[in-house]
Amino acid sequence: MPQTNRRFLLSKRPVGAVRRDDFTYEQVPVTEPAEGQVLVKNLYLSLDPAMRGWMNEGKSYIAPVALGQVMRALGVGEVIASKHPDFKPGDHVNGPLGVQDYFVGEPQGLYKIDPRLAPLPRYLSALGMTGMTAYFALLDVGQPKAGETVVLSGAAGAVGSIAGQIAKLKGCRVIGIAGGQEKCQYLKDELGFDGVIDYKAEDVLAGLKRECPKGVDVYFDNVGGDILDAVLSRLNFKARVVICGAISQYNNKDAVKGPANYLSLLVNRARMEGFVVMDYAKEYGKAAQEIAGWLASGQVKSKEDVVEGLETFPEALLKLFSGENFGKLVLKV
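Treat the numbers as computed from the prediction; the structure is a model and nothing was measured. Position numbers for residues count from 1 along each chain, tracking the sequence in the order it is written. pLDDT decides what is reported in this predicted model: residues at 70 or higher carry local features, side-chain atom pairs at 80 or more are listed and counted, and totals for whole chains, interfaces and linings draw on all residues regardless. Side-chain measures were taken over the full set of non-hydrogen atoms in the model, leaving aside hydrogen atoms and water.

In this section: the UniProt feature "domain: Enoyl reductase (ER)" (unreviewed entry) in the chain. UniProt positions are given in the numbering used here, feature names are shortened, and annotations may be inferred rather than shown by experiment. UniProt feature "domain: Enoyl reductase (ER)" (unreviewed entry): in the numbering of this structure it lies at residues 19–331. Secondary structure elements are defined from DSSP: runs of H or I of at least 4 residues count as helices, runs of E of at least 2 residues count as strands, and each element is numbered from the N terminus. Within residues 19–331, the helical portion is 27% and the strand portion 26%, while the C-alpha atoms at the span's ends are 17 Å from each other.

Following this line, the structure appears as structure tokens:
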């Protein structure tokens, strides 16, 4: 039996950007699983922009993390003790394991994965919630058709890069908005995007006019704010805007900045729809199979940015908001 469990508890509601002192870092003894429970050694944790929202009080699509509770995080790990009939030591699992070395409890939301089929971090990216988000948000809400122009913000990020590749598979013209020359180059050279806009180096509206001379049919939004406004001004008739995230707004100390150009939706009879991946839980299996096929054939590439050490959690999480991460941000416990 392992002795000590290091863990991060949420100790206060962050104001603006997350700080280390918003958490309590503690070491506690590891407990044995009770009847119906499992003990999982956490190997990798997923760092996601959504975590910032989970720290806020108030109504959302999921209950906020309670103060004094282990910070919520999805992860992959290995079962090392089990008193549950469906899990045995040696099984690898994916699910809400929390920011800690060990998870002990009922295996609610845990499902088995096969480490022989893919590297473990991939189960937190293309084969995990990231892939599910890209797949269902693009295909179900965005409904791209061959020949249409699809624009993605946060295009070099975990979700955007996969959604863009799926749009390419569906025969679309794909334009990515990303920050920095390296990320933009990657989208074009490695992932085969048709065009890129570097929001750090150029005016986004000018970039949209250049890359989308015939307008935008589907906009996959991960950032919100000014970039959303710029794309709204370029919508085509019956365009679809997928609101997947708004990372530019998550650390605001003031009110969230809403879209000023929303009348473009009226003029173009376009629609803007919010998306939460949990609504598709029953269909994850089907999507994972299709994505696994695309990965195996090389039609879709997945990039993971792995940071070492549980103790670095607060600082590692901040990389998401400065755009420092390149690919799906994963914390190796």
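Next comes the rest of the write-up.
Turning our eyes to something else, we now look at the nonpolar core. Take the buried Ala, Val, Leu, Ile, Met, Phe, Trp, Tyr and Cys residues and link them wherever side-chain atoms come within 4.5 Å; each set so joined is a nonpolar core. Buried residues are those whose accessible area, probed at 1.4 Å on protein chains only, stays under 20% of the maximum for their type, while exposed residues exceed 50% and partly exposed ones sit between those limits. If you look at the biggest cluster of nonpolar residues, it comprises 48 residues, and the most contacted ones within it are Phe136, Leu152, Leu187, Phe275 and Ile291. Looking at this core, the elements with two or more residues in it are α2 (129–142), β8 (149–153), α3 (158–169), β9 (173–178), α4 (181–189), β11 (216–221) and α8 (284–297). If one sorts the elements of this core by residue count, α2 sits on top with seven residues. Apart from the residues lying within four places of it in its own chain, the contact partners of isoleucine 291 are Ala126, Leu127, Gly131, Met132 and Tyr135. Core analysis: the second largest hydrophobic core is formed by 21 residues, Val18, Met55, Val65 and Leu331 among them. Whether two residues are in contact is decided by their heavy atoms: any pair within 4.5 Å suffices.

What follows covers the sheet that holds β8. Strand pairing in a sheet takes place through backbone hydrogen bonds and is either antiparallel or parallel in direction. Ordered by their spatial adjacency, six strands build an open sheet running β10-β9-β8-β11-β12-β13, and the pairing between neighbours is parallel. The open sheet has two edge strands with one neighbour each: β10 (195–198) and β13 (271–274). For this sheet the average axis-to-axis angle between neighbouring strands, irrespective of direction, equals 15°. Inspection of the sheet shows β9 paired to β10 by four bridges, in the parallel sense. Bridge pairing in β10 places alanine 178 opposite aspartate 198. A pair of strands is considered paired only if DSSP assigns at least 2 bridges between the two. All axes are obtained by fitting lines to C-alpha atoms, using only the stretch in contact for helices, and the reported angles, taken between N-to-C directions, cover 0 to 180 degrees.

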